[in-house]
Amino acid sequence: MPASARQRCHAVLSGLVTLATAAVVSFAAPAPASAAEIWNETGSDRADPLTESQGLASVEVPAGSPNRYTGIGTIPIGLSVRGWNHVGDPDASYDGHYIEPYQRDSGNTKMYRVQAPGGAWSEYVHTLSPGEALNNSWDAISPDGQWMLSGEWGTMDRLLVFPTPGVNPATSPSANLPQASTVHLDHPVRDVQGCDFSGPTTLLCSSDDPDGSLFGMTKPLLRVDLSAAPNGTADVTGHVTALRQLPLRSSCSGSFEAEGIDYDRRTGVLRVIVVSPGFCVLTDSKTYKFSRG
């Protein structure tokens with residue numbers, strides 16, 4: 001075949017491949033609107049697999065407080081012997097109330113452990129609502145401090161809203177912590193490991209999605225724009241956007257796990273934990289840092 005004919009054939013084939021690829025992507029990954037903001041990776045710190053592998057939170061009060069982390073090694077023995085054997089991604093209110101989410105392997109309750117700014121701890125137990133999943137992966141406190149969001153494992157189209165335990169005056173350690181309302185998502189999410197408010201009606205979330213069919217990528221960083229600030233009296237909707245894939249780098253090959261997330265409004269720094277596969281969970285798991293582009 002003459003060179004000119006080969007070039008024409010190659011061009012036609014390339015065009016067909018491009019069209020076919022675009023068609024496959026459009027049918028295989030019906031993601032929501034493209035990302036409206038960019039988060040650039042700016043650095044990382046090693047994440048200890050025992051004490052920094054589940055979640056993290058920046059604490060504003062008292063001033064100068066260090067960042068907090070959770071992992072299997074941070075679960076108090078007194079909680080573990082009572083069956084609370086998993087701690088998720090925590091959060092802290094702007095007035096210094098620090099809240100850790102706990103779950104156990106069976107039963108119909110989940111628990112939120114609250115440390116007040118003065119240092120005292122208390123426990124708030126929630127009895128599952130009908131159809132609610134047992135897992136308790138994360139909590140996110142609204143900027144006004146009065147409402148706390150939490151999520152469920154698996155493929156979900158909602159987030160749960162509770163009065164913030166220890167902050168909202170309607171809560172008490174001696175009473176059930178009730179679900180107050182729901183955030184209805186306009187696009188399903190899968191295996192969300194953490195969310196944090198970046199504004200009154202904006203959440204940034206880390207998803208451990210291993211499949212990639214929901215957004216065209218595995219392990220996405222998500223943004224959820226709420227139709228209104230949660231107030232506990234009415235449901236709101238949430239528009240979901242995939243912003244980028246979280247970093248997946250390790251000396252080992254295999255399955256990574258995206259974990260907790262934290263946004264520090266004082267610095268504008270976003271941090272997300274990604275646990276490395278296999279033996280490298282011990283050596284190169286990371287807390288990645290991002291800044292808005």
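Here, every reference points to the structure presented above.
Attention in this report is confined to the structure presented alongside it. Remember, it's a predicted structure, so these values are computed and weren't measured experimentally. (Residues numbered from 1 in each chain as written. Predicted model: local features only at pLDDT ≥ 70, side-chain atom pairs only at ≥ 80, totals over all residues. Heavy atoms only, no water.)

Regarding unusual backbone geometry
Then, in step 1: With omega at 0°, the peptide bond leading from V61 into P62 counts as cis.
Then, in step 2: Counting through the fold element by element, P62 comes out in the loop between strand 2 (55-57) and strand 3 (68-70).
Then, in step 3: Positive phi values are uncommon outside glycine, yet K219 reaches one of about 50°.
Then, in step 4: Summarising the element assignment, K219 is placed in the loop between strand 14 (202-207) and strand 15 (220-226).
Then, in step 5: Taking the relative accessible area as the measure of exposure, K219 reaches 8% and is therefore buried. (Helix = DSSP H or I, 4+ residues; strand = E, 2+ residues; numbered from the N terminus. Buried < 20%, exposed > 50% of the residue type's maximum accessible area, 1.4 Å probe, protein only.)

Some words on empty space enclosed by the protein
Then, in step 1: Under the counting rule described, the total for this entry stands at 2 cavities of 30 Å³ or more.
Then, in step 2: By volume, the largest cavity amounts to about 130 Å³.
Then, in step 3: For the largest cavity, the lining is made up of 14 residues, of which D91, A92, Y94, D196 and Y263 are closest to its centre.
Then, in step 4: Of all elements in the fold, only strand 5 (91-92), strand 13 (192-199) and strand 17 (257-264) reach the threshold of two or more residues within the lining of the largest cavity.
Then, in step 5: It is strand 17 that provides the largest number of residues to the lining of the largest cavity, a total of 3 residues. (1 Å grid on protein atoms, 1.4 Å probe; cavity = no way out; pocket = protein on both sides within 12 Å on 5 of 7 lines; lining within 4 Å. Points joined across faces, edges and corners; volume = space filled by probe spheres on them.)

Some remarks on the pattern of salt bridges
Then, in step 1: Scanning the model with the defined rule gives 16 salt bridges in all.
Then, in step 2: A salt bridge links D209 to R190, with the shortest nitrogen-to-oxygen separation between them at 3.0 Å. Of this pair, D209 sits in the loop between strand 14 and strand 15 while R190 is found in strand 12 (residues 181-190), placing the two residues 19 residues apart along the sequence.
Then, in step 3: On the basis of relative accessible area, D209 is assigned to the buried category, the value being 0%.
Then, in step 4: The partner of R190 in a salt bridge is D211, with the nearest N and O atoms 3.6 Å apart. Of this pair, R190 sits in strand 12 while D211 sits in the loop between strand 14 and strand 15; the two residues are 21 residues apart in sequence, bridging distant segments of the chain.
Then, in step 5: Residue class for R190 comes out buried when judged on its relative accessible area of 15%.
Then, in step 6: By relative accessible area, D211 is classed as partly exposed at 48%.
Then, in step 7: Each of the salt bridges in this network shares a partner with another, and the network as a whole consists of E37, R223, D225 and R292. (Salt bridge = Lys/Arg side-chain N within 4 Å of Asp/Glu carboxyl O.)

Side note on the state of the cysteines
Then, in step 1: For the coordinates displayed, the defined rule picks out 2 disulfides.
Then, in step 2: Here C195 is linked by a disulfide to C205, with a sulfur-sulfur distance of 2.1 Å. Measuring the twist about the S-S bond at about 110°, one finds the C195-C205 disulfide to be right-handed. Of this pair, C195 sits in strand 13 while C205 sits in strand 14, placing them 10 residues apart in sequence.
Then, in step 3: One disulfide in the model links C252 with C280; its S-S distance is 2.0 Å. Between C252 and C280 the disulfide shows an S-S torsion of about 70°. By sign, it is right-handed. With a gap of 28 residues between them, C252 in the loop between strand 16 (236-245) and strand 17 and C280 in the loop between strand 18 (269-275) and strand 19 (286-292) connect regions that are remote in the sequence.
Then, in step 4: A relative accessible area of 22% places C252 in the partly exposed class.
Then, in step 5: Look at C280 and you get buried, because its relative accessible area is 4%.
Then, in step 6: For the protein chain, the bonded cysteines pair up as 1-2, 3-4 when numbered in the order they occur along the sequence. (Disulfide = S-S within 2.5 Å.)

Section: the sheet that holds strand 19
Within a sheet, each strand pairs with its neighbour through backbone hydrogen bonds, oriented either parallel or antiparallel.
Then, in step 1: The sheet built from 4 strands is open, its strands ordered 1-19-18-17 with antiparallel pairing. Taken across any chain shown, the strands that pair with only one partner, and hence form the sheet edges, are strand 1 (39-46) and strand 17. Averaged over all neighbouring strand pairs, the angle between strand axes comes to 25°, with direction disregarded.
Then, in step 2: Two strands pair when backbone bridges link them, and strand 18 and strand 19 are joined in this way by 5 bridges, in the antiparallel orientation. (Pairing = 2+ DSSP bridges. Axes fitted to C-alpha atoms, helices over the stretch in contact; angles between N-to-C directions.)

Let's talk about the packing of aromatic side chains
Then, in step 1: Within the structure shown, the criterion is met by 3 aromatic pairs.
Then, in step 2: Ring centres of W39 and Y263 lie 6.1 Å apart, and the angle between their planes is 85°; this geometry places the pair in the edge-to-face category. Of this pair, W39 sits in strand 1 while Y263 sits in strand 17, and the two are 224 residues apart along the sequence.
Then, in step 3: Classification of Y263 as buried rests on a relative accessible area of 12%.
Then, in step 4: On the numbers, 6.2 Å between centres and 80° between planes, the contact of Y98 with W121 is edge-to-face. Of this pair, Y98 sits in strand 6 (residues 98-103) while W121 sits in strand 8 (residues 121-127); the two residues are 23 residues apart in sequence, bridging distant segments of the chain.
Then, in step 5: By relative accessible area, which is 1% here, Y98 ends up buried.
Then, in step 6: If you follow R68 out to its NZ or CZ, it ends over the ring of Y98, 4.0 Å from the centre.
Then, in step 7: A cation over an aromatic ring shows up here: R104 above the ring of W84, its NZ or CZ 3.9 Å from the ring centre. (Phe/Tyr/Trp six-rings, centres within 6.5 Å; stacked < 30°, edge-to-face > 60°. Lys NZ or Arg CZ within 6 Å of the ring centre and 35° of its normal.)

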